[in-house]
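Summary of structural features
So the chains spell out like this:
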Amino acid sequence: MFDLNRLNPQQREAVTHTDGPLLLLAGAGSGKTRVITCRIVYLLQQCGVPAEQLLAVTFTNKAAREMRARVEEMVGRRAAKGMVIATFHALCVRLLKSHIERLGYKKNFSIYPAADQQRLIRDLLREEVADAGANDAEQVLWRISEAKNRLLTADNYQANSRDPLSCLVALVYPRYQKALKAFNAVDFDDLLLLGVHLLERHPELLQHYQQQFRYQMVDEYQDTNPVQYRLLKLLAGGHGNLCVVGDDDQSIYAWRGADIANILDFEKDFPGTRMIKLEQNYRSSGQILSAANAVIQHNRKRRDKALWTTAGEGSPVEYLLAEDDEDEARLVMERIHVERFRRQLNYGDFAVLYRTNSQSRAFEEQLRYENIPYVLIGGQQFFDRKEVKDVIAYLRVLVNPLDEVNLLRILNYPKRGIGETSVDKIIRYSADRSIALWSVLKEVSQVPELNERTSEAVNGFVGLLERYRKRFQQPLYLVETLRALLAELKLAEEIYRQEKDLTAARRRIENQDQVSNAMSAYLDREPQPSLAGFLEKVSLLDDERPGRNDKEKKLAADAVTLMSLHSSKGLEFPVVFLVGMEEGYLPHKKTIDETFDVDEERRLCYVGMTRAEKQLMLLGARQRRKYGKLEQREPSRFLSEIPETLLLRNKSGGTEQSTAEQQEQSASQFFSGISQLLEDS
DNA sequence: GGGTCACCAGTTTTT
DNA sequence: CTGGTGACCC
C-alpha cells in the first residue's frame, strides 16, 4: 500500500485521475517514476482494475524492468502478474508473435539488427550500383528507417528527382522489403510498422486489444515518433484512457524521428485531456535549477514551466575555462579530488558528460593516469561484436532457416571448404529458380558445377544444423546444447587461428561463452523457455548479460561515469561535469549546419545540467586538437544565457599552463608599465 | 585467403 | 589523428 498524502498536490491529482486522456508534463527530477508506479498501484488497488487490463509502454527495457520492479515492490509479485509493461518494440513483438501470419510472415521470424540490415542493403545496392560502399548502404538504410518511422511503406515511397539518394532509396526499399519477407525476417522499424498494419487491417484484433488494455500509460512521450503515435492512437481509440508522461524540454531524439509535436499537441489529438504539470524538483539544488531554467527559457516552442525546489540554494554553478582538452581533463581530475574530500563523496558520485563520444578520450587517459576507476557508457555493444554475432547467427538459422543473411554468415564459418565461388554458384542456383537458399543446400547434389568435396561439405553443414535443431527442441537442455554446438564447431580454435593477440583471442572466446551465460540466465527467468524465446530477448537487447545491472555494478566498482549527454537522460549524480561547453560541440556544428535545430541542442544542454544534484561544473577549452590540428574555440552561446549572478566564472585553473600564461600576462603588463613611465618622463 | 596500404570521413542511440 | 573500408597483391 502507499500513502496518497506523501505525494504533492499535483502528483496526487495525477495518480487519482484515472479515466480519459491525461497529459503529465513531468519536469526533470519531479518524481515522475514515482507518480507512474503509484498510479498503477492506485488503479490496481483502489479501482480494482485487473492487472491484465493495464498496459505501460516505455522506450528502454531498463525503464520497463524498473517500473515492474517498483510496482511489484508495492503490491507484490502476484498482484502485478499479467500487467503488460513493455517497450514499444516488445509490445509489437507480442502482437506479431500471435498474428504475423496474417501479414504473410511465419511465426518464427527473425529480427534483423542494424548490421544485418546493412549487409542486406549493401548486397542489394551492389546489384544497382557497382561501386556502392558501406557508407552508401548506411545512408540508404537511414532513409528507409526514416520512411518507416513516418509510416511510409515501400509502395508509397516517392523519390525526389532533385535528391539522388532518394532515387536510390526508391529503387532499393521495395527490394529490401521483398528480401526480408523471403528471409522471413523483419527489422526493428518493421516491428512497429507491422504492428500498426496488423491493427489497421484487422478491426476485430484492434477491438480485442482496445478492450484488453483498458488503461494505458506511456513514459517519455516526448520521444515518440509517428509510428509509435499511430500505434497509441489505435490502441487508445474508444475509451481514451491514455496517460502520457513526458517533458518537451527533454526531447533530444528528433534526429531519430521523434516528433516533439506529439507532446505539444496532445490535447488537440485527444480532446478532453486533463493536463498536469509536475514542476517541483526533488533532485537539484536551487542555483542549478535556476541556471537550467534560464537556459531552457530561450526556447520558443515549449510548454511554459519552471522547476522549483525547497532544497535551498546550494553551491553555485561554476564555469571553468581550460587551455585545451588535456587541461580540461586535468581540471576535472583536480575537482574530483577536492570535492571527494570536501563532500565525503565516492568516485561513483561523479559524472563527466559530453556531446560526442570522442570527447571521452582525454578523460579516460587522465583517469587512467591518476588511477581513478571509471566506467565508460556507450561504445560497442556486446551483441555487436563479431564473435558474438557468429554464435547468434547459428542460433538464428536454427530457428529460421530462411534467414539468408545469417545462413550465409555461417555457411563457411568456421571454414569447412565451401569457398566463395561455390557459394556464388549456390546463390545463383537459388535465385534463378526462386528456391530458398536453405532448400538448395539440402538438395545440394542438384546444383551442377559443384565438385564432390564441396557437396560433401555442404551436406555435413546441413546435417549438423538438423541435428542441433532437434536437440534445441529440448528446452531444459538449451545451455548444454549450445555448449556442445560451440565445442563441435571448434569456434575457439578458429579464433586462436585468426587472432594473433593472445589476450584479445581469449577475450573473444570469453565473449562467446557469455552467450551461454546469458542463455542460462534466460532459462532461470523464463517459465517457458525456448531457443526462439531466447533469440527474441537477444534481439530486443533485453538480456541478462553480466554487467547489465549497472547500478549494482557501479556501486561495487565505485567509478567515475563517463557518458554522452544523450545517455545521461533519466540519471542523476551528486557532481556533474558538463564538458566541451563550446560553439561547435554544444551546440554541435553539424546540427546547426544541417537541421538548424539549436533548440534541440539547448534541450541537450538542459538535460545535462539537470542531472546534477549538488554541484554542476561547466567546462570548455580555449583551443582543442581536432583531426590533428589545433583549433581556437569559442565559449558556447548557452553559457551567456545563464545570468552572471548564477555563474561563478573561474578563470585560473591553477595548472602549469595557465599559471605560465598568467606570468606571461603580468610580465607584459610590467613592460607596458615601464614604457608608460619612460614616455611620461 | 590473408595481409598491407591508401583513402576517406569524422553526433547523438534504442530497439 | 583515428578507425573503417576496399582494392590489390602475394
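Heads up: these notes are all about the structure in this document. As the structure is a prediction and not an experimental result, all values here were calculated from the model. (Residues numbered from 1 in each chain as written. Chains lettered and ligands numbered in written order. Predicted model: local features only at pLDDT ≥ 70, side-chain atom pairs only at ≥ 80, totals over all residues. Heavy atoms only, no water.)

**Regarding the sheet that holds strand β6 (residues 215-218)**
Ordered by their spatial adjacency, 6 strands build an open sheet running β3-β2-β6-β7-β1-β8, and the pairing between neighbours is parallel. Of all strands in the sheet, those with a lone pairing partner are β3 (84-87) and β8 (274-278), marking the two edges. Shown here is a sheet whose adjacent strand axes are inclined to one another by a mean of 15 degrees, direction ignored. Pairing of β6 with strand β7 (residues 242-246) involves 3 bridges; the strand directions are parallel. Each bridged residue has a counterpart across the sheet, and for methionine 217 the counterpart in β7 is cysteine 243. Across the face of the sheet, helix α5 (residues 88-99) comes into contact with β2 (54-58), β3 and β6 while running at roughly 110 degrees to β3. (Pairing = 2+ DSSP bridges. Helix = DSSP H or I, 4+ residues; strand = E, 2+ residues; numbered from the N terminus. Axes fitted to C-alpha atoms, helices over the stretch in contact; angles between N-to-C directions. Contact = heavy atoms within 4.5 Å.)

**Details of the environment of leucine 535**
As for its position among the elements, leucine 535 is in helix α25 (residues 531-539). Taking relative accessible area as the criterion, leucine 535 reaches 5% and is therefore assigned buried. Between the C-alpha atom of leucine 535 and that of isoleucine 111, which follows or precedes it by 424 residues, the distance is 8.8 Å. Those residues in contact with leucine 535 that sit more than four places away from it in its chain are Ile392, Leu395, Arg396 and Val399. (Buried < 20%, exposed > 50% of the residue type's maximum accessible area, 1.4 Å probe, protein only.)

**Quick word on the pattern of salt bridges**
This model, assessed by the stated rule, comprises 46 salt bridges. Ionic pairing is found between glutamate 13 and arginine 274, a salt bridge with its closest N-O pair at 2.6 Å. In this pair, glutamate 13 sits in helix α1 (residues 9-16) while arginine 274 sits in strand β8, placing the two residues 261 residues apart along the sequence. Taking the relative accessible area as the measure of exposure, glutamate 13 reaches 30% and is therefore partly exposed. Given a relative accessible area of 35%, arginine 274 falls into the partly exposed group. (Salt bridge = Lys/Arg side-chain N within 4 Å of Asp/Glu carboxyl O.)

These results come straight from atomic positions and should not be treated as a statement about function.
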